[in-house]
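# A look at the structure
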Amino acid sequence: MKNNENKLKIWESAALIALCIALCAGTWAQARQNAISSDLVRLHVIAVSDDKHEQEIKLRVRDAVLEYLTPVLKDAENSGEAKKIISDHLNGIAGAASKASEGRAVKVSLGCEHYPTKSYEGFSLPAGNYQSLRIVLGEGEGHNWWCIVFPPLCLEAAQAQRVESVMAKEDYAIVSDSEGYELRFKLVEKWGELMEKLSK
């Protein structure tokens, strides 16, 4: 009987230790994901449908929005300034999108949105919630297009040094291909995916 009680205590202790480790890892991953996402503003354009012409319209809307935003955001020094500028220009952004949408309804918003893991040139962003300028055309049932609008990486090949310039050293090491950080990236990525599933 005593032997069974000892085995039970060992099992309970192991379960408690595993729970503590999981909670610590989750807390760390959430903090890192929040830090990474707080430095960026992403752009998300969603087409009416997957029809070829609708996908072409989506890209024209993207180009019109980026053409509008490029001079407007040129003096933004951090994501906070970029969010404020975008928020102040939502009507202008909607106007630029509408001109290129060929009569399709356009909904423009700035808010928090979940993104899957996305790889760029020299770095990857883990799944999680990011500040997002979201543009939905019509019913918004088509394939989407996204990029990073701050720092500005949409109009050219993504440059890792631009992302590095707005992130803390540890956060950039996680999203870049830095040796020794692959496990940390995976932890942040899987945590973001888990939070998305739990929120549904």
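Preceding this paragraph is the structure being described.
Residues numbered from 1 in each chain as written. Predicted model: local features only at pLDDT ≥ 70, side-chain atom pairs only at ≥ 80, totals over all residues. Heavy atoms only, no water.

The next subject is unusual backbone geometry. Across residues other than glycine, the phi torsion is negative in most instances, and most of the peptide bonds are trans. Of note, the amide linkage connecting Phe150 to Pro151 takes the cis form, showing an omega dihedral of -10°. Residue placement: Pro151 occurs in the loop between strand S6 (144-150) and helix H5 (160-166). Of note, the phi angle at Glu102 is positive, near 55°, even though the residue is not glycine. Following the sequence through the fold, Glu102 ends up in the loop between helix H4 (90-100) and strand S2 (106-115). (Helix = DSSP H or I, 4+ residues; strand = E, 2+ residues; numbered from the N terminus.)

It is the contact of helix H2 (residues 52-73) with helix H3 (residues 79-88), at a shortest axis distance of 11 Å, that shows an interaxial angle of 130°. Classed by the angle they form, the pair H2 and H3 counts as oblique. When you trace H2 past H3, the crossing you get is right-handed. Contacts between H2 and H3 involve Leu69, Val72 and Leu73 on the former and, on the latter, Ala82, Ile85 and Ile86. Its residues assigned to classes, the contact of H2 with H3 comprises 6 nonpolar, no polar and no charged. (Axes fitted to C-alpha atoms, helices over the stretch in contact; angles between N-to-C directions. Parallel < 35°, antiparallel > 145°, perpendicular 65-115°, else oblique. Left-handed = near helix turned anticlockwise from the far one by under 90°. Contact = heavy atoms within 4.5 Å. Nonpolar A, V, L, I, M, F, W, Y, C, P; charged D, E, K, R; others polar.)

Each full turn of the α-helix corresponds to 3.6 residues, which orients residues three or four apart in the same direction. In this model, H2 (22 residues) spans 31 Å end to end at C-alpha, consistent with the 32 Å of a helix rising 1.5 Å per residue. All of the buried residues along H2 are Glu54, Gln55, Ile57, Lys58, Val61, Arg62, Ala64, Val65, Leu66, Leu69 and Leu73. Turning to H2, the residues buried within the fold contact strand S1 (41-46), H3, H4, strand S5 (128-137) and S6. Backbone nitrogen of His53 and a side-chain oxygen of the N-cap are separated by 3.0 Å at the start of H2; the cap is Asp51. (Expected span 1.5 Å × (residues − 1). Buried < 20%, exposed > 50% of the residue type's maximum accessible area, 1.4 Å probe, protein only. Polar contact = N/O pair within 3.5 Å; in protein donor to acceptor, adjacent residues only side chain to side chain.)

Our focus in this paragraph is the environment of Gly142. Following the sequence through the fold, Gly142 ends up in the loop between S5 and S6. The class for Gly142 is buried, based on a relative accessible area of 15%. It is 4.6 Å that separates the C-alpha atoms of Gly142 and Ala47, two residues lying 95 residues apart in sequence.

One pass over the structure, following the stated rule, counts 2 aromatic pairs. Seen from their ring centres, Tyr115 and Tyr130 are 5.9 Å apart, and the 85° between their planes marks the pair as edge-to-face. Of this pair, Tyr115 sits in strand S2 while Tyr130 sits in strand S5; the two residues are 15 residues apart in sequence, bridging distant segments of the chain. Consider the rings of Tyr115 and Trp146, whose centres lie 5.6 Å apart with planes at 65°: the pair is edge-to-face. Of the two residues, Tyr115 sits in strand S2 while Trp146 sits in strand S6, which places them 31 residues apart along the sequence. Its guanidinium or amino end placed over the ring of Tyr130, Arg42 lies 4.6 Å from that ring's centre, counting from NZ or CZ. (Phe/Tyr/Trp six-rings, centres within 6.5 Å; stacked < 30°, edge-to-face > 60°. Lys NZ or Arg CZ within 6 Å of the ring centre and 35° of its normal.)

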